[in-house]
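Fold and contact review
Here are the chains, one letter per residue:
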Amino acid sequence: MEVQEAIGTRRTYRFLLPHKGVELAKIQKMLEAARRASFWGNVQALRAVVVDRATAREDVLASLSAPVAGFQIDRAPVVIVWYLDYAALDDQGDRLKELVNARVLGVDREKALDTLDSFLIPFFQKVMPHIKASGLTEIDCGQGIAQATLVAIDQGLGTACLSTPNEEVIKKNMRLPDTAKVLLLMCVGYPAESREAGGQRPRLPFEGIFHLNEYGNPFPCDEKVIEELKQARLLQEPAPLPEREAELHYLQKALDLPDF
Ligand SMILES: Cc1cc2nc3c(=O)[nH]c(=O)nc-3n(C[C@H](O)[C@H](O)[C@H](O)COP(=O)(O)O)c2cc1C
């Protein structure tokens, strides 16, 4: 994995080649990356259904479509439905014991297992409603999805994350368990647009969002570091790029896109 993908060239690809399918082996690598991400208590609540337009049922495809961003979903060769399964949290005790037995949690094995049984697992069970409400598990899922995104970019693919108003119909048509919460739809395919995909999107200034030691003390943004990143070609030119207008018109015609 190149740092470049994480800092400078990873971005949302809204325009994908509709006619070019994605090799399932590439999707498998994305899923492996997601599976290996960190999860609190090793609960591993991230799940996915990969919808391959070439082979998926009509009702499954229809449940994904939505107004506004629907043009992306309707043309994407693959849509990954990432979801969280709250049932995974019920097995947290087992997951913690696996960590101890794998010798990556605790020092003395027997003492660690005792502490889990007598204190930690009952404690987690007691505070589980708060943990569920805290967003911690969603953060873990986000980390997994981010890792999958980087693997996609590394393999020459583009992705776009989209929220969905269709949770109920998606759950019904895909037969997801009642304990599932749909997180987002990820369009995956080969980009129809240039690698820069329009250039670096606007970002809030570094100063003001990161702090050192306490709020209000800006984390120092060293211009030398920025220069280093530029020299290494890790930072892209900010959007809009000069040729973007023409590229958008070309994409609109090629992909038969609505006016928005
Ligand atoms: C969790 C998540 C949900 C998103 N949902 C939508 C969405 O519903 N519709 C949409 O057009 N873009 C959506 N986006 C894409 C963002 O608009 C995009 O990330 C943002 O414009 C910055 O662009 P970049 O990803 O290329 O840096 C989503 C992105 C993320 C990470």
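Our subject in this report is the structure included herewith. (Residues numbered from 1 in each chain as written. Predicted model: local features only at pLDDT ≥ 70, side-chain atom pairs only at ≥ 80, totals over all residues.)

**Re the site of the ligand**
Definition in use: Only the C-beta atom matters for this test: placed from the backbone, it must lie within 6 Å of a molecule or strand for the residue to be near it. Note on residue categories: nonpolar means Ala, Val, Leu, Ile, Met, Phe, Trp, Tyr, Cys or Pro, charged means Asp, Glu, Lys or Arg, and polar means any other residue, Gly included.
Near the ligand the following residues occur: Arg11, Thr12, Ala69, Cys161, Leu162, Ser163, Leu184 and Arg201. Along the lines of polarity and charge, the residues of the shell around the ligand split into four nonpolar, two polar and two charged.

**Digging into the packing of helix α6 (residues 92-101) against helix α7 (residues 109-134)**
The following threshold applies: Interaxial angles span 0 to 180 degrees and are taken between N-to-C directions of axes, which are lines fitted to C-alpha atoms, for helices over the stretch in contact. In DSSP terms, a helix is any run of H or I states spanning at least four residues, a strand is any run of E spanning at least two, and both are numbered starting from the N terminus. To sort the angles, those under 35 degrees are grouped as roughly parallel, those over 145 as roughly antiparallel, those from 65 to 115 as roughly perpendicular, and the leftovers as oblique. Helix crossings are classified by the rotation of the near helix relative to the far one: an anticlockwise turn of less than a right angle makes the crossing left-handed, while a clockwise turn makes it right-handed. By the convention adopted here, residues are in contact when the distance between their C-beta atoms, placed from the backbone, does not exceed 7 Å.
Closest axis-to-axis distance for the α6/α7 pair is 10 Å, and the angle between their directions is 160 degrees. One way to sum up the angle between α6 and α7 is to call them roughly antiparallel. The chirality of how α6 crosses α7 is right-handed. Residue-level inspection shows Gln92, Gly93, Leu96, Lys97 and Val100 of α6 in contact with α7, the latter providing Arg109, Ala112, Leu113, Leu116, Leu120, Ile121 and Phe124.

**Observations concerning the nonpolar core**
Looking at soluble globular proteins, one finds that nonpolar side chains tend to be buried together. The following threshold applies: Only buried residues count toward a nonpolar core: Ala, Val, Leu, Ile, Met, Phe, Trp, Tyr and Cys, linked into one set through C-beta atoms within 7 Å. Exposure classes come from backbone-placed C-beta atoms, where a residue is buried if 20 or more other C-beta atoms lie within 10 Å of its own, exposed if 12 or fewer do, and partly exposed in between.
Counting 42 residues, the largest nonpolar core has Val78, Val79, Ile80, Val81, Trp82, Cys187 and Val188 as the members making the most contacts within it. For this core, the element with the most residues is strand β2 (residues 78-85), which contributes seven residues. Tryptophan 82 has contacts with Leu46, Ala48, Cys141, Ile145, Leu183, Leu184 and Met186, leaving out every residue within four places of it along the chain.

**Topic: the sheet that holds β2**
Strand-to-strand pairing in sheets goes through backbone hydrogen bonds, with the strands running parallel or antiparallel. Condition: Any two strands between which DSSP finds at least two bridges are classified as paired.
Strands sit in the order β1-β2-β4-β3 across an open sheet of four strands; the sheet is antiparallel. Two strands bound the open sheet, and with one partner strand each, they are β1 (46-52) and β3 (158-162). Taking the axes of each pair of neighbouring strands and ignoring which way they run, one obtains an average angle of 25 degrees across the sheet. Across the sheet, helix α9 (residues 167-174) touches β1, β2 and β4 (180-189), and the angle it forms with β4 is around 85 degrees.

**A look at the environment of leucine 46**
On the secondary structure map, leucine 46 appears in strand β1. Given 25 C-beta atoms within a 10 Å radius, leucine 46 is considered buried. Residues leucine 46 and aspartate 140 lie 94 residues apart in sequence; the distance between their C-alpha atoms is 7.8 Å. Residue contacts for leucine 46: discarding those within four places in its chain leaves Ala34, Trp82, Leu84, Asp140, Cys141 and Gly144.

**So, the packing of helix α2 (residues 24-35) against helix α8 (residues 136-154)**
For the pair α2 and α8, the least separation of the axes is 7 Å and the interaxial angle reads 145 degrees. You can see that α2 and α8 cross each other, and the crossing is right-handed. Note on element contacts: α8 touches α2 through Gly144, Ile145, Gln147, Ala148, Val151 and Ala152, opposite Lys29, Met30, Leu31, Ala33 and Ala34. In terms of residue class, the contact of α2 with α8 is made up of eight nonpolar, two polar and one charged.

**Observations regarding unusual backbone geometry**
Omega for the bond connecting alanine 239 with proline 240 falls within 30 degrees of zero, at 0 degrees, which places this linkage in the cis form. Summarising the element assignment, proline 240 is placed in the loop between α10 (223-231) and α11 (244-255). Residues other than glycine seldom take positive phi values, yet alanine 197 does so here, at roughly 50 degrees.

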